[in-house]
Amino acid sequence: REWSLLTVLLLCLVSWLCVSDGLQRVDHLIHDAGGRLHAPEANRDIVIVAIDDRSIETIGRWPWRRALHAQLLDQISRGQPRAIGMDIVFSEEDLDYPSDDVLLARAIAGSARVVLPISRSAMGQAAYPLPRFAQAAATLGHTQLAMDADGVVRGFYGTEGPSTAPLWHMALAMHCLGAT
């Protein structure tokens, strides 16, 4: 009788944990702790040029002119990186400075190492770079991430899109480009 009661109590506990997502929270805690314990050291060969508050204070409000992006891309390309991920969606023409689009397309093509993003809006619409930029890029990659219910990203979709023409995630596209 005691074993039966213990079995019923344990089944109730497991059922409650499953319904309340208690096990998932514990799983996330274990996953996150394991990730921190086994995180590889940052690769010193990887450089991130970020658009942050400090750069906006220095350069001015966003969006910046594409001529500036072209100049930065030319400067980075002189260092002969294996891949350059430019995670900015240039999906519309620059109506204020149309010649900047030409400069940026030239810089992208001249580098031959640029991966441009394809992002997805909240409505599920894909935002592609303008054709002149997409053609100049070495390749394109999607930027979708799998966000868990607690708002933390613990994984990503390696490929996305139709099975006839799947797109690699931007990070994998950069890795493959850098390996060549």
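The coordinates are above.
Let us look at the structure shown here. (Residues numbered from 1 in each chain as written. Predicted model: local features only at pLDDT ≥ 70, side-chain atom pairs only at ≥ 80, totals over all residues. Heavy atoms only, no water.)

**A few points about unusual backbone geometry**
For the bond running from Trp-62 to Pro-63, omega is 0°, close enough to zero to count as cis. With respect to the secondary-structure elements, Pro-63 resides in the loop between α3 (53–59) and α4 (66–78). Even without being glycine, Gln-80 reaches a positive phi, approximately 55°. In this structure, Gln-80 sits in the loop between α4 and β1 (84–85). The class for Gln-80 is exposed, based on a relative accessible area of 69%. Backbone geometry at Ala-112 places phi at a positive 60°, although glycine is not the residue there. (Helix = DSSP H or I, 4+ residues; strand = E, 2+ residues; numbered from the N terminus. Buried < 20%, exposed > 50% of the residue type's maximum accessible area, 1.4 Å probe, protein only.)

**Notes on the side chain of Ser-77**
Relative to the helices and strands, Ser-77 resides in helix α4. Residue Ser-77 is classed as buried on the basis of its relative accessible area of 18%. Setting aside its immediate chain neighbours within four residues, Ser-77 contacts Ile-84 and Ser-111. (Contact = heavy atoms within 4.5 Å.)

**Digging into the pattern of salt bridges**
Overall, the coordinates contain six salt bridges when judged by the stated rule. Here Arg-154 ties to Asp-32 by a salt bridge, and the two come within 2.8 Å at their closest N and O atoms. Linking Arg-154 in strand β6 (residues 153–156) with Asp-32 in helix α2 (residues 22–37), this pair joins segments that are 122 residues apart in sequence. A residue is classified by how much of its surface remains accessible, and Asp-32, at 22% relative accessible area, is partly exposed. Across the salt bridge formed by Glu-160 and Arg-120, the nearest N and O atoms sit 3.1 Å from each other. Pair noted here: Glu-160 is in strand β7 (residues 159–160) and Arg-120 is in strand β2 (residues 114–120), with a separation of 40 residues, a long-range link. Here the salt bridges share partners, and the residues they tie into one network are Asp-32, Asp-148, Asp-150 and Arg-154. (Salt bridge = Lys/Arg side-chain N within 4 Å of Asp/Glu carboxyl O.)

**With respect to a nonpolar patch on the surface**
On the surface, Trp-3, Leu-6, Leu-10, Leu-13 and Trp-16 cluster together into a nonpolar patch covering about 600 Å² of accessible area. Its place among the elements puts Leu-6 in helix α1 (residues 2–19). The exposure class assigned to Leu-6 is partly exposed, which follows from its relative accessible area of 38%. (Patch = residues over 30% accessible without salt bridge, like charges linked within 9 Å, V, L, I, M, F, W, Y side chains within 5 Å. Areas by Shrake-Rupley, 256 points an atom, 1.4 Å probe, with all protein chains shown as cover.)

**A word on the packing of aromatic side chains**
Where two aromatic rings form a pair, the distance of their centres and the angle of their planes describe that pair. In this structure the tally under the stated criterion is two aromatic pairs. For the pair Trp-62 and Trp-64, a centre-to-centre distance of 5.1 Å together with 70° between the ring planes defines the contact as edge-to-face. When its relative accessible area of 34% is taken as the criterion, Trp-62 is described as partly exposed. Judged by its relative accessible area of 13%, Trp-64 is buried. Sitting over the ring of Tyr-97, Arg-65 keeps its end group 3.7 Å from the ring centre. (Phe/Tyr/Trp six-rings, centres within 6.5 Å; stacked < 30°, edge-to-face > 60°. Lys NZ or Arg CZ within 6 Å of the ring centre and 35° of its normal.)

**Considering the side chain of Arg-66**
Positionally, Arg-66 belongs in helix α4. Overall, the relative accessible area of 11% leaves Arg-66 in the buried class. Here Glu-92 takes part through its backbone oxygen, which lies 2.8 Å from a polar atom of the side chain of Arg-66. (Polar contact = N/O pair within 3.5 Å; in protein donor to acceptor, adjacent residues only side chain to side chain.)

**Regarding the nonpolar core**
Core analysis: the largest hydrophobic core is formed by 18 residues, its most contacted members being Leu-73, Met-86, Leu-104, Ile-108, Val-114, Leu-116 and Phe-133. Within the residue set of this core, elements represented by two or more residues are α4, α5 (98–111), β2 and α6 (131–136). At four residues, α5 tops the list of elements feeding residues into this core. What Leu-104 contacts, discounting residues up to four positions off in sequence, is Arg-66, His-69, Ala-70, Leu-73, Met-86, Phe-90 and Phe-133. (Core = buried A, V, L, I, M, F, W, Y, C linked by side-chain atoms within 4.5 Å.)

**Things to note about the pairing of β2**
Of all seven residues in β2, five are buried; the element is thus mostly enclosed. Inspection of the sheet shows β1 paired to β2 by two bridges, in the parallel sense. Opposite Ile-84, over in β2, you have Val-114 as the bridge partner. In the sheet, β2 pairs with strand β4 (residues 139–142) via four bridges, with the strands oriented parallel. Counted as the bridge partner of Val-115 is Thr-139 from β4. Bridge count for β2 against strand β3 (residues 126–127) is two bridges, and the pairing is antiparallel. For Arg-120, the partnering residue across the bridge sits in β3 and is Ala-126. Taking the residues between adjacent antiparallel strands as the criterion, β2 and β3 are bridged by five residues, where Gly-124 takes a positive phi near 90°. (Pairing = 2+ DSSP bridges.)

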